[in-house]
Amino acid sequence: MDTENLVHSLGIRHIGIIMDGNGRWAKKHGLPRKMGHSKGADTFRNCLNSCIKLGVPCVTFYAFSTENWSRPKEEVDSLMRLFCTFMDEMMKLQSKNIRLRFLGDRKALPDDVRKKMAEAEEMTVNNTGMWCCIALNYGGREEILNAARKISELYHSGKLDLQSLDEERFSSFLYTDGLPYVDLVIRPSGEKRLSNFLIWQAAYAEFVFMDVLWPDFSENDLIDAIVEYGKRDRRFGGV
Ligand code: FPP
């Protein structure tokens, strides 16, 4: 199959990926959960490279939700370490022309993680290639609520006219300001739900749920999901 032009020919602008199944993968292999995340981080790197290769303009990976704090501290700490390692790599590798963006509420994150996030973003700010977004301490409802608060503040200080508030303007208050809406959401691991991921941005996305666990997710799985997307008839509420 000619995969080189696949993404472009299908008009895909933004893919969202819910990296799910690390824990089950670890259990299946008799390993601690953090090893599942570590293997999941390798898969994330491979998938990022596949997205570059396939010419995906923008990809968002769901790395840590606002609900994930309820996991054991050891697991949360190991995830934070994996995020920091990735950011260090991005800074060392000159980031392959990727534009990095973190989506989510940074306030609750440890200082060192926040600092690295800001540095890695800053370092890629003038890049011109693919957008790689990492949803970290992200929750879709929190994002919308946050936008509503900002809008309300601007309204009360007389800086925003509610008549001018259309979908485009509202979107500019979200973490994804300036990024395209999501065309395709891929969720491996057999679960069939959105889990508070990009709920505004994925309003008209196509969903592809796959049975593979995230650590085993391969470039072929990504291509299969894109091919499946190509078979869908997107009508956006029309006929
Ligand atoms: C969900 O699987 C996965 C997560 C909560 C973490 C995802 C993070 C990574 C893959 C680490 C690498 C990311 C970066 C950006 C370096 P789960 O633990 O809920 O799996 P389960 O449902 O099988 O228990």
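(A) Representation of the packing of aromatic side chains within the structure. Per the stated rule, a full pass over the model turns up eleven aromatic pairs. With centroids separated by 4.9 Å and ring planes inclined at 75°, the aromatic side chains of Phe-64 and Trp-69 adopt a geometry described as edge-to-face. What links up through ring pairs into an aromatic cluster is the set Tyr-62, Tyr-138, Tyr-175 and Phe-197. For the cation-ring pair, Arg-101 lies above Trp-131, with the distance from its terminal atom to the ring centre recorded as 4.9 Å.

(B) How the structure looks around the pairing of strand β2 (residues 58-65). With eight of eight residues buried, β2 lies mostly within the body of the structure. Bridging between β2 and strand β4 (residues 131-138) involves seven bridges; their strand directions are parallel. Bridge pairing links Tyr-62 to Ala-135 in β4.

(C) Up close: the pattern of salt bridges. With the rule as written, the count across this model stands at 21 salt bridges. Among the salt bridges present, the one from Glu-121 reaches Arg-106, with a minimum N-O distance of 2.8 Å. In this pair, Glu-121 is assigned in helix α5 (residues 111-123) and Arg-106 in the loop between β3 (99-103) and α5, connecting sequence segments 15 residues apart. The class of Glu-121 is buried, set by a relative accessible area of 16%. Measuring nitrogen to oxygen at the nearest pair gives 3.3 Å for the salt bridge that ties Arg-193 to Glu-191. By relative accessible area, which is 22% here, Glu-191 ends up partly exposed. The network of salt bridges with shared partners includes Asp-20, Arg-24, Arg-187, Glu-191 and Arg-193.

(D) Here's a closer look at α5. Here α5 spans 18 Å end to end across 13 residues, near enough to the 18 Å set by a 1.5 Å rise per residue. Those residues of α5 not exposed but buried are Val-113, Met-117, Ala-120 and Glu-121. The arc enclosing the buried residues of α5, seen along the axis, measures out at 100°, which places them on a common side. Structural note: α5 exposes Asp-111, Lys-115 and Glu-122 on the side pointing more than 90 degrees away from its buried face. Contacts made by the buried residues of α5 are with α4 (73-92), β3 and β4.

(E) The site of the ligand, seen in detail. Residues in contact with the ligand amount to 19 residues; listed here are only the nearest, Met-19, Gly-23, Arg-24, Arg-33 and Arg-71. In the model, an oxygen atom of the ligand is placed 3.4 Å from a nitrogen or oxygen of the Gly-21 main chain. Take Arg-24: an N or O atom from its main chain is 2.7 Å from an oxygen atom of the ligand. Burial of the ligand by the surrounding chains reaches 91%, relative to a free accessible area of 630 Å². Breaking the shell around the ligand down by element, the ones donating at least two residues are α2 (22-28), α3 (33-54) and α4.

(F) Looking closely at the side chain of Gln-201. Here Gln-201 lies in the loop between β5 (184-187) and β6 (206-209). Look past the residues within four positions of Gln-201 in its chain and what remains in contact with it is Tyr-138, Glu-143, Leu-174, Thr-176, Tyr-181 and Val-182.

(G) Expanded view of the environment of Thr-43. In this fold, Thr-43 is placed in helix α3. Relative accessible area serves as the criterion here: at 3%, Thr-43 is assigned to the buried category. Along the backbone, Thr-43 and Lys-27 are 16 residues apart, and their C-alpha atoms lie at a distance of 17 Å.

(H) How the structure looks around the sheet that holds β4. Spatial ordering of the open sheet is given by β3-β4-β2-β1-β5-β6, a layout of six strands whose pairing is parallel. Strands with a single pairing partner mark the edges of an open sheet, and in this sheet they are β3 and β6. Put simply, the sheet's adjacent strands are angled 20° from each other on average, direction ignored. Summarising the sheet, strand β1 (residues 15-18) and β2 pair through four bridges and their orientation is parallel. In the strand pairing of β2, Ile-17 is matched with Phe-61. Its contacts with the sheet put α3 on β1, β2 and β4, and the angle it makes with β2 is roughly 165°. Helix-sheet contacts for helix α8 (residues 219-231) involve β1, β5 and β6, and the interaxial angle to β5 is about 135°.

What counts as what
Residue numbers restart at each chain and count upward from 1, following the sequence in its written direction. The predicted origin of the model limits local features to residues at a pLDDT of at least 70 and limits the giving and counting of side-chain atom pairs to 80 or more, whereas totals for whole chains, interfaces and linings rest on all residues. By convention in this description, side-chain values take in all heavy atoms of the structure and omit both hydrogens and water. Aromatic contacts are taken between Phe, Tyr and Trp rings whose centres are within 6.5 Å, Trp giving its six-membered ring; a plane angle under 30 degrees counts as stacked, one over 60 as edge-to-face, and the others as tilted. Here, over-ring charges are defined by two tests on the NZ atom of lysine or the CZ atom of arginine: distance to the ring centre within 6 Å, and angle to the ring normal within 35 degrees. Note on classification: 1.4 Å probe, protein chains only; a residue is buried when its accessible area is under 20% of the maximum for its type, exposed when over 50%, partly exposed between these limits. Each helix is a run of DSSP H or I of at least 4 residues and each strand a run of E of at least 2, with the numbering of both proceeding from the N terminus. Paired strands, as defined in this entry, are two strands with at least two bridges between them according to DSSP. For salt bridges, the criterion is a side-chain nitrogen of Lys or Arg within 4 Å of an Asp or Glu carboxyl oxygen. To estimate how far a helix should reach, multiply one less than its number of residues by 1.5 Å. The directions considered for the arc run from the helix axis to the C-beta atoms. We call two residues in contact when some of their heavy atoms are within 4.5 Å. Nearness is judged by heavy atoms alone; a residue qualifies as near a molecule or strand once a single heavy atom is within 4 Å of it. Two N or O atoms form a polar contact when they lie within 3.5 Å of each other; inside protein one atom must be a possible hydrogen donor and the other a possible acceptor, and for residues adjacent in sequence the pair counts only when both atoms belong to side chains. A 1.4 Å probe and the Shrake-Rupley method give the accessible areas. Residues count as covered only by the protein chains that appear here. Lines are fitted to the C-alpha atoms to define the axes, a helix being fitted only along its stretch in contact, and any angle between axes, read from their N-to-C directions, falls within 0 to 180 degrees.

These figures capture arrangement, not role.
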